Amino acid sequence: MAPRCWRWWPWSAWLRTRPPPSESTQSFRQQFSTQEQTPQICVVGSGPAGFYTAQHLLKHHSRAHVDIYEKQLVPFGLVRYGVAPDHPEVKNVINTFTRTAHSDRCAFHGSVAVGRDVTVQELRDAYHAVVLSYGADDHQALEIPGEELPGVFSARAFVGWYNGLPENRALAPDLSCDTAVVLGQGNVALDVARILLTPPEHLEKTDITEAALGALRQSQVKTVWIVGRRGALQVAFTIKVLGPEGEGPGSQVDGLLLGGCGRAELPGVEEGEPGRAHLGPSAFRAGGSWWCLPPGLGSGVGPRVDRALGLTPPPLPAHTAKELREMIQLPGTRPILDPADFLGLQDRIKEVPRPRKRLMELLLRAATEKPEVAEVARRASASRAWGLRFFRSPQQVLPSPDGRRVAGVRLAVTRLEGVGEATRAVPTGDVEDLPCGLVLSSIGYKSRPIDPSVPFDPKLGVIPNVEGRVVDVPGLYCSGWVKRGPTGVITTTMTDSFVTGQILLQDLKAGLLPSGPRPGYAAVKALLGSRGVWPVSFSDWEKLDAEEVSRGQGAGKPREKLLDPQEMLRLLGR
């Protein structure tokens, strides 16, 4: 992997690309410091990164106006289309985003594809600052022979199918096979394996789509193998921190930013810029301010904190103790764990961080300890099973004899070389074939370039940036996965987005953004109208939301998601 040299460009280097402050810039600075003008800010993307960025900007600047553009008709991104239907508690963050959208200084504009309906340059002309928070809407390809065979899907598309993402509504995976293979051992891999094996009656009261639920009722899948190229200790055993409700008092975010707004927000810390000793081991410095990560995102200043912000290459995909426990206890399902895969692990995990240690201990108990009588009986009666296959890397998707669909996966046996961050899996020369009728590739999401005017690193799949400032494009920022890569969970994105928001506000205060008024949405609305694009407002979304809830009530579901954009528009009278 290429080093992320651009992430370490000093702020002073960016400043050197700017002209010296003029009298008008000084005047602009004074105007904004006295809040005589309204900064017009645009956020592209309405997932967690977009809404958290908007939330921070609105909270910390009393006159800022934020417009959120979204290519889908409806908001909330991966919270709506990525979170598993049997994890409704994670979706509670939508309540926070809704409060943000209800602000009279915030507006949502759905069904607007930036880069197609309006260019980034046109947005930059209309706003004082633009933040790109559009996430990762593609997947990493396997790049092996047979990947194109029927029966091979990206986990991203499979998740979109059962969660009602319009572009995936016609996916129609064939679940008539006995065995499925999931390539990758991260949270998404666990999600798709769990959905495949969960008894359909346990999903009936979730917001899974009726089409997906019907297919799962007819599913013949009995065994799911979750395959990883490294060993049990390398499944990135970090604990997932579920997203808090927001920045309000008493939330996990209290004290996130210190010094940047002239006051301390961490209980027990004096005002002003405190020393790191006051903040504890999770404090670090970014953009001239002291920051404190929410619990679980880092155990000290250094690599873990850097990874949480995307400043260094990310760790391997993360399982969580909660999700692993769900898999082990999944009704009607038994785990297949080879004790040999865990030999010597007990001694090696003594020094790992506690959350990681808890998860490893859970795996060790499930693999090596004799279960209690009730658990033995439960497993004996289970009709379905799942297992972890370590030190295996996909080499080829094998076709059926007639070549019309997948029949298995050829796996290269691997071993680890190197130490620490340099550890990598290399082939031993041995291979094995794993028969299956369904392959789900879960090796990562990937961002795409949005507009030719925006720099993009195709190898890393991110917009080159320093603390959220897009390199060589003053006034353009990014947050979330397109900023740091598709790693972490909602809380990671929240922290990351707050950093970007704070950096933007610092630039605004310093007079580094365009002076004078900007038209904001008024200019963009005229452009869109001339192109036959009619945005969907947040009040429009609330009408669709009410329709979904109404449709779900009859079946005892929280909602029945609308899948067809044309139907959505008809319901809105378009």
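Just so we're clear, the structure is a prediction, and the values are computed from it rather than from any experiment.

**Examining the overall build of the chain**
Thinking step 1. Secondary structure summary: the chain contains 20 helices and 21 strands in total.
Thinking step 2. Classification of the 574 residues of the chain by burial places 56% in the buried group.
Thinking step 3. Pairs at least 24 residues apart make up 73% of the contacts formed inside the chain by residues separated by at least 6 positions.

**Focus: unusual backbone geometry**
Thinking step 1. In this model, Phe 391 sits at a positive phi of 55°, which is unusual for a non-glycine residue.
Thinking step 2. Looking at where Phe 391 falls in the secondary structure, it is placed in the loop between β13 (384-389) and β14 (392-399).
Thinking step 3. Residue classification places Phe 391 among the partly exposed positions, given a relative accessible area of 26%.
Thinking step 4. Unusually for a residue other than glycine, Asp 472 sits at a positive phi of about 70°.
Thinking step 5. Relative to the helices and strands, Asp 472 resides in the loop between β20 (469-470) and β21 (476-478).
Thinking step 6. According to the relative accessible area criterion, Asp 472 is exposed, its value standing at 55%.

**A look at the sheet that holds strand β15 (residues 406-417)**
Thinking step 1. Across the sheet, three strands lie side by side as β14-β15-β16; this open sheet has antiparallel pairing. A single partner strand is all that each edge strand has here, and the edge strands are β14 and β16 (424-435). In this sheet, adjacent strand axes meet at a mean angle of 20° when their direction is disregarded.
Thinking step 2. Where β15 meets β16, nine bridges bridge the pair, whose relative direction is antiparallel. Looking at β16, one finds that Ala 412 is bridged to Val 431.

**Remarks on the environment of Val 188**
Thinking step 1. Mapped onto the elements of the fold, Val 188 is located in helix α8 (residues 187-197).
Thinking step 2. Taking the C-alpha atoms as reference, Val 188 lies 8.7 Å from Gly 444; in sequence the two are 256 residues apart.
Thinking step 3. Non-local contacts of Val 188, meaning those with residues more than four positions away in its chain, are made with Ala 155, Val 159, Ser 442 and Tyr 445.

**Describing a positive patch on the surface**
Thinking step 1. Together, Arg 325, Arg 354, Arg 358 and Arg 365 make up a region of like positive charge exposed at the surface.
Thinking step 2. Per-element tally for the positive patch: the top contributor is helix α14 (residues 354-368), with three residues.
Thinking step 3. Here Arg 354 shows up in helix α14.
Thinking step 4. By relative accessible area, which is 65% here, Arg 354 ends up exposed.

**Let's talk about the pattern of salt bridges**
Thinking step 1. The final tally for this structure, using the stated rule, is 33 salt bridges.
Thinking step 2. Notably, a salt bridge pairs Asp 138 with Arg 448, separated by 3.4 Å at the nearest N-O pair. Of this pair, Asp 138 sits in strand β5 (residues 138-139) while Arg 448 sits in the loop between β18 (445-446) and β19 (465-466), and the two are 310 residues apart along the sequence.
Thinking step 3. A relative accessible area of 18% means that Asp 138 is categorised as buried.
Thinking step 4. Close ionic contact of Glu 432 with Arg 389 constitutes a salt bridge, the shortest N to O distance being 2.5 Å. Of this pair, Glu 432 sits in strand β16 while Arg 389 sits in strand β13, and the two are 43 residues apart along the sequence.
Thinking step 5. Given a relative accessible area of 21%, Glu 432 falls into the partly exposed group.
Thinking step 6. Through salt bridges with shared partners, a single network forms among Lys 71, Asp 137, Asp 138 and Arg 448.

**Some thoughts on helix α12 (residues 321-328)**
Thinking step 1. Those residues of α12 that fall on the buried side of the exposure criterion are Ala 321, Glu 323, Leu 324, Met 327 and Ile 328. For α12, the buried positions fall inside an angular range of 165° around the axis, keeping them on one side.
Thinking step 2. Each element contacted by the buried residues of α12 is listed here: α8, β8 (223-227), β12 (333-336), α14, α15 (373-381) and β13.

Scoring rules and cut-offs
Residues numbered from 1 in each chain as written. Predicted model: local features only at pLDDT ≥ 70, side-chain atom pairs only at ≥ 80, totals over all residues. Heavy atoms only, no water. Helix = DSSP H or I, 4+ residues; strand = E, 2+ residues; numbered from the N terminus. Buried < 20%, exposed > 50% of the residue type's maximum accessible area, 1.4 Å probe, protein only. Contact = heavy atoms within 4.5 Å. Pairing = 2+ DSSP bridges. Axes fitted to C-alpha atoms, helices over the stretch in contact; angles between N-to-C directions. Patch = residues over 30% accessible without salt bridge, like charges linked within 9 Å, V, L, I, M, F, W, Y side chains within 5 Å. Areas by Shrake-Rupley, 256 points an atom, 1.4 Å probe, with all protein chains shown as cover. Salt bridge = Lys/Arg side-chain N within 4 Å of Asp/Glu carboxyl O. Lys, Arg positive; Asp, Glu negative; His and termini not counted. Charge placed at Lys NZ, Arg CZ, Asp CG, Glu CD. Arc of directions from axis to C-beta.

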